[in-house]
Amino acid sequence: MTHVQSGPTCTQILAWFGADVIKVERPGEGDPTRGQLRDKPGVDSLYFTMLNSNKRGITLNPKTEAGKKIFRRLIEQCDVMVENFAPGAIDRMGFPWETIQQINPRMIYASVKGFGPGPYEDCKVYENVAQCTGGAASTTGEIDRVPLVTGAQIGDSGTGIHLVAGILAALLQREKTGRGQRVTCAMQDTVLNLCRVKLRDQQRLDLCGVLQEYPQYPNGTFGKAVPRAGNASGGGHPGWIVKCKGWETDPDAYIYVVMQAQAFPALAKVIGHADWLDDPDFSTPNARLPRLTHVFAEIEKWTTTLNKMEVMAILNPLNVPCGPILSMKELAAEPSLRNTATVVEVDHPQRGKYLTVGNPIKLSDSPSDVQRSPLLGEHTEEVLRDVCGLSDADIQAAKAQGAI
Ligand code: CAO
């Protein structure tokens, strides 16, 4: 019972782990993402196909009489029910948690909502709303510029993945107790969880008045809340994005360099600053903190003489942690990601071949075999027969009612 992104990412991972995931969609329309951001008329969008791999698809309207009976049967037969509709939608269909528990005490019922219990619990929430209300936007962006949302879908896909963890824990618990349970994940909570280090910094700011590893230190000003910090590292070792050769015309000609304390001597030498190692202003991490802007500017003088892959090739053997800014174009073509099935080509009866991101979680005994997404209602009859035990006559009657 999932739609759009957060719920489908959760069930897609479960399907890659081998679950028989039955996606239940509204007859005639289906998940709205089937038709959103379409690149080919009349063909399921990449938005849909890339979030619904390895699932069977049925149409079912639990608001009809026949639909309610079928839905009840599904609850009896299945292990886990996942939904991410607006608050109260499943209750309004006539299936509150108490009813679901009564029908199948072993059922694990998992939901994504925008907010947890409190003043906003009835609100509808999309990705960027969660990023803004969970602390990500406030702490992302250039210093003194507008808050920024990130391209990583931490609210939607992030919550879906958190929900997977809850479901698997509940399944393990059920193996011991025989009882199912309710699993809930709020998108605001997930984003805040992923922004944990910024709440760390809030408390450090409250105590110390400054954050020494932030670019605002020592010459800028700190307010009461954790500020936006550009590309500062957020960890115990300073880091920054520096330009590489070609940056004037290539928007991705940059590399992230982490100034890890133990690798600093090698980094200083390779950029032509062996002098820093005996200079009390640069020789220790604490001495460098007020001079980070200068240090990264000197690193950049060196990186702009090389392309980002050359910088990577030189710094990695020196144990300097660094990462080139890889574009989606480059990632799509990266052979190592194809070899590990992290980027996979899938065939689809309507659209032909397309790329998708495979399972990022690798299990040694249970590799994921990425399959295409289902067409709308593709498996309705098969599931109603095999899982729900309906006869041909029952199926025809449900069809006549518009239940499927
Ligand atoms: N048959 C008949 N009706 C169905 C159905 C089916 N198979 N599946 C869903 N519906 C109905 C629901 O019952 C609901 O109707 P009511 O409002 O009358 O009860 C309606 O379709 C869908 O409701 P919605 O409010 O969830 O949909 P929306 O497009 O207006 O809102 C969203 C979308 C994402 C904002 C909202 O679902 C939401 O806040 N979800 C929780 C947070 C979440 O997951 N956000 C992530 C969004 S992107 O991943």
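These figures come from a predicted structure and were not determined experimentally.

(A) Seen up close, the site of the ligand. Neighbouring the ligand are 22 residues, the closest being Ser 6, Arg 26, Ala 86, Lys 124 and Val 125. Within the side chain of His 3, an N or O atom sits 2.9 Å from an oxygen atom of the ligand. In the environment of the ligand, an oxygen atom lies 2.4 Å from a nitrogen or oxygen atom belonging to the side chain of Lys 124.

(B) Region of the structure containing the nonpolar core. Leu 74 and Met 81 are the most contacted members of the largest nonpolar core, which totals 30 residues. Broken down by secondary-structure element, the contributors of at least two residues to this core are strand 1 (21-25), helix 3 (65-77), helix 4 (89-92), helix 5 (97-103), helix 16 (380-386) and helix 17 (392-400). At 5 residues, helix 3 tops the list of elements feeding residues into this core. Residues within four places of Met 81 in sequence aside, it is in contact with Met 1, Phe 71, Ile 75, Ile 90, Ile 100, Met 107, Ile 108, Tyr 109 and Ala 110.

(C) Here's a closer look at the pattern of salt bridges. Going through the model one piece at a time under the given rule, you end up with 21 salt bridges. We note a salt bridge from Glu 381 to Arg 385, for which the minimum N-O separation is 3.5 Å. Highlighted residues: Glu 381 and Arg 385, both in helix 16, separated by 4 residues, approximately one helical turn. The exposure class assigned to Arg 385 is partly exposed, which follows from its relative accessible area of 37%. Shared partners join several salt bridges into a network, and the residues in it are Arg 200, Asp 201, Arg 204 and Glu 213.

(D) Spatial organisation of the packing of aromatic side chains. Per the stated rule, a full pass over the model turns up 5 aromatic pairs. Judged by centre distance (6.0 Å) and plane angle (45°), the rings of Trp 97 and Tyr 109 are tilted. Of the two residues, Trp 97 is situated in helix 5 and Tyr 109 in strand 4 (residues 108-113); the sequence distance between them amounts to 12 residues. Accessibility classification places Trp 97 together with Tyr 109 in one group, the buried group. Look at Phe 115 and Tyr 120: their rings are 5.2 Å apart centre to centre, the planes differ by 45°, and that puts the pair in the tilted class. These aromatic residues form a ring-pair network of at least three members: Phe 264, Trp 276 and Phe 282. Against the face of Trp 247 rests Lys 243, its NZ or CZ located 4.0 Å from the ring centre. Directly above the ring of Phe 264 sits Arg 288, whose terminal nitrogen or CZ lies 3.5 Å from the centroid.

(E) Representation of the sheet that holds strand 4. Spatially, the 3 strands line up as an open sheet ordered 3-4-5, and their pairing is parallel. Lying at the two open borders of the sheet, with one neighbouring strand each, are strand 3 (80-83) and strand 5 (182-186). In this sheet, adjacent strand axes meet at a mean angle of 15° when their direction is disregarded. In the sheet, strand 4 pairs with strand 5 via 5 bridges, with the strands oriented parallel. What sits directly across from Val 112, in strand 5, is Cys 185.

(F) Region of the structure containing the sheet that holds strand 8 (residues 322-324). One open sheet accounts for 3 strands, arranged 6-7-8; its pairing is antiparallel. At either margin of the open sheet sits one strand with a lone partner, and together these are strand 6 (239-243) and strand 8. Along the sheet, successive strands turn relative to each other by an average axial angle of 20°, direction set aside. Relative to strand 7 (residues 254-258), strand 6 runs antiparallel, the two being bridged by 5 bridges.

(G) Expanded view of the pairing of strand 7. Relative to strand 8, strand 7 runs antiparallel, the two being bridged by 3 bridges. Bridge pairing in strand 8 places Val 257 opposite Cys 322.

What counts, and where the lines are drawn
- Residues numbered from 1 in each chain as written.
- Predicted model: local features only at pLDDT ≥ 70, side-chain atom pairs only at ≥ 80, totals over all residues.
- Heavy atoms only, no water.
- Near = heavy atom within 4 Å.
- Polar contact = N/O pair within 3.5 Å; in protein donor to acceptor, adjacent residues only side chain to side chain.
- Core = buried A, V, L, I, M, F, W, Y, C linked by side-chain atoms within 4.5 Å.
- Buried < 20%, exposed > 50% of the residue type's maximum accessible area, 1.4 Å probe, protein only.
- Helix = DSSP H or I, 4+ residues; strand = E, 2+ residues; numbered from the N terminus.
- Contact = heavy atoms within 4.5 Å.
- Salt bridge = Lys/Arg side-chain N within 4 Å of Asp/Glu carboxyl O.
- Phe/Tyr/Trp six-rings, centres within 6.5 Å; stacked < 30°, edge-to-face > 60°.
- Lys NZ or Arg CZ within 6 Å of the ring centre and 35° of its normal.
- Pairing = 2+ DSSP bridges.
- Axes fitted to C-alpha atoms, helices over the stretch in contact; angles between N-to-C directions.

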